[in-house]
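# Breakdown of the fold
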Amino acid sequence: MTTAPTTGTGVGGATGSVRTRGLVHIYRSEGHEVAALSGVDLDVPAGGMVGLLGPSGAGKSTLLNLLAGVFRPSAGKVFVGDLELSTAADRALDRMRAEHVSLMLQGAQRNLLPYLTPHDNVRFAQGAARRAGKDLPDPDEVLAEVGLADHAHDALGSLTPGHLQLAALAVAMAPRPAVLLADEPTSQLDHPARDRVLAALTDANRDLGTTVVLVTHDPDVAAFLPRTITIRDGRVGGEGRSGEEYAVVTPDGFLPLPLHVREHLQPGTLVRFHPVEEGPGEYLLLAGDEAAGATREPAGGRVGGWVGGRPSHSAGRPADGAVEHPSDHPPDYSARHRAGGADRG
Ligand code: ADP
Ligand code: MG
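Note that the structure is a prediction, hence the values are computed from the model and not measured.

The rules behind the values
- Residues numbered from 1 in each chain as written.
- Chains lettered and ligands numbered in written order.
- Predicted model: local features only at pLDDT ≥ 70, side-chain atom pairs only at ≥ 80, totals over all residues.
- Helix = DSSP H or I, 4+ residues; strand = E, 2+ residues; numbered from the N terminus.
- Buried ≥ 20, exposed ≤ 12 C-beta atoms within 10 Å, placed from the backbone.
- Contact = placed C-beta atoms within 7 Å.
- Near = placed C-beta within 6 Å.
- Pairing = 2+ DSSP bridges.
- Axes fitted to C-alpha atoms, helices over the stretch in contact; angles between N-to-C directions.
- Parallel < 35°, antiparallel > 145°, perpendicular 65-115°, else oblique.
- Left-handed = near helix turned anticlockwise from the far one by under 90°.
- Nonpolar A, V, L, I, M, F, W, Y, C, P; charged D, E, K, R; others polar.

## Comments concerning the overall build of the chain
Summing up its helical and strand segments, the chain has 9 helices and 16 strands in all. Across the 345 residues in the chain, those meeting the buried criterion constitute 42%. Counted over contacts in the chain with a minimum sequence separation of 6, partners at least 24 positions apart contribute 68%.

What follows is the structure, given as structure tokens:
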């Protein structure tokens, strides 16, 4: 790698950090409205690498499009570096997309001009940034970085799906963006090809300091990432750090329940947080009869490891499925919650 790191270069001279506050997006079509995002607060530091997980229809692609400034949110704010996208002038957004933020759409070929080779696709993708005076590496260098040097001048039609995805990645990396947004970049690949694409994304993040946000359905990819954010029903439903799953308190103080807890806590359930003497910031979450039992020493059901399991298994039971409770007491639902236990690294 001969190119100097461009860590943090970016938008308006600021860094490639990504931040949203109260992000709402409503699609309006033929008289009815779909709320795709209903209050997303996201923080990805410059140089971070984060996976977006969540079921189909959760709002992941909508979120990526808003981060890329493809369209503007219905409400709330999006910041890339210092630039506030929801109010930025069209010209500022055009410039941001040409130079600082790349969006890789799902399906490699949607990112490529079919009649150009990988080399010429990369050169084409550099055009706007180059005209704006940005110093960029030669296309051959960009292709070598993603491991596609040997196919630089092949016709696209002769490339494997894995190579096409690498070509799409090279196109996205061509203008040396501060932020790379990738929508399911490995979803149609076999495992060796998937691993090559993931390695190339990781290299871009590590060697060039590019902030990477990627959507994935693949548990293996999710497990590989240091940080994942699960989007559920247009909101942040949880966060995974190094294989542990956490619920995340929103800026306005709401706490989404993990799915496996929600099974047990019906709407309307009363919940109390009972401070634990052992340590600061530790709470027992008391639900149902226990919460109503106010001052009584918590005696009942305790669910061990509710933050356990890999991020990709967040929709399931805790890894150990442990529910310890004294046999004479019905296990209302309580969970031991270590606030601030999430490693903010
Ligand atoms: P994901 O990428 O997580 O599968 P999307 O962001 O594509 O989710 O979609 C979120 C919601 O918004 C879904 O209910 C989807 O049907 C709806 N949606 C997405 N795009 C449009 C659109 N262009 N018009 C109307 N509804 C849309
Ligand atoms: Mg999608």
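## Some words on the site of ligand 1
Close to ligand 1 lie Tyr27, Ser29, Val34, Ala36, Gly54, Ser56, Gly57, Ala58, Gly59, Lys60, Ser61 and Thr62. Counting residues per element, the ones that place at least two in the shell around ligand 1 are strand E1 (18-29), strand E2 (32-44) and helix H1 (60-67). With 3 residues, H1 is the single largest residue contributor to the shell around ligand 1.

## Digging into the sheet that holds E1
As summarised here, the arrangement of the 4 strands in space is E2-E1-E4-E5, forming an open sheet in which the pairing is antiparallel. Single-partner strands in this sheet number two, and they are E2 and strand E5 (83-84). One ladder, built from 10 bridges, connects E1 with E2; its direction is antiparallel. Each residue of the ladder has a partner; that of Ile26, found in E2, is Ala35.

## Remarks on the packing of helix H3 (residues 118-131) against helix H5 (residues 161-173)
Contact geometry for H3 and H5: axes closest at 8 Å, N-to-C directions at 25 degrees. The orientation of H3 with respect to H5, classified from their angle, is roughly parallel. For the pair H3 and H5, the crossing hand works out as right-handed. Between H3 and H5, the residues in contact are Pro118, Asn121, Val122 and Ala125 and Ala167, Ala170 and Val171, respectively. Within the contact of H3 with H5, the residues separate by chemical class into 6 nonpolar, 1 polar and no charged.

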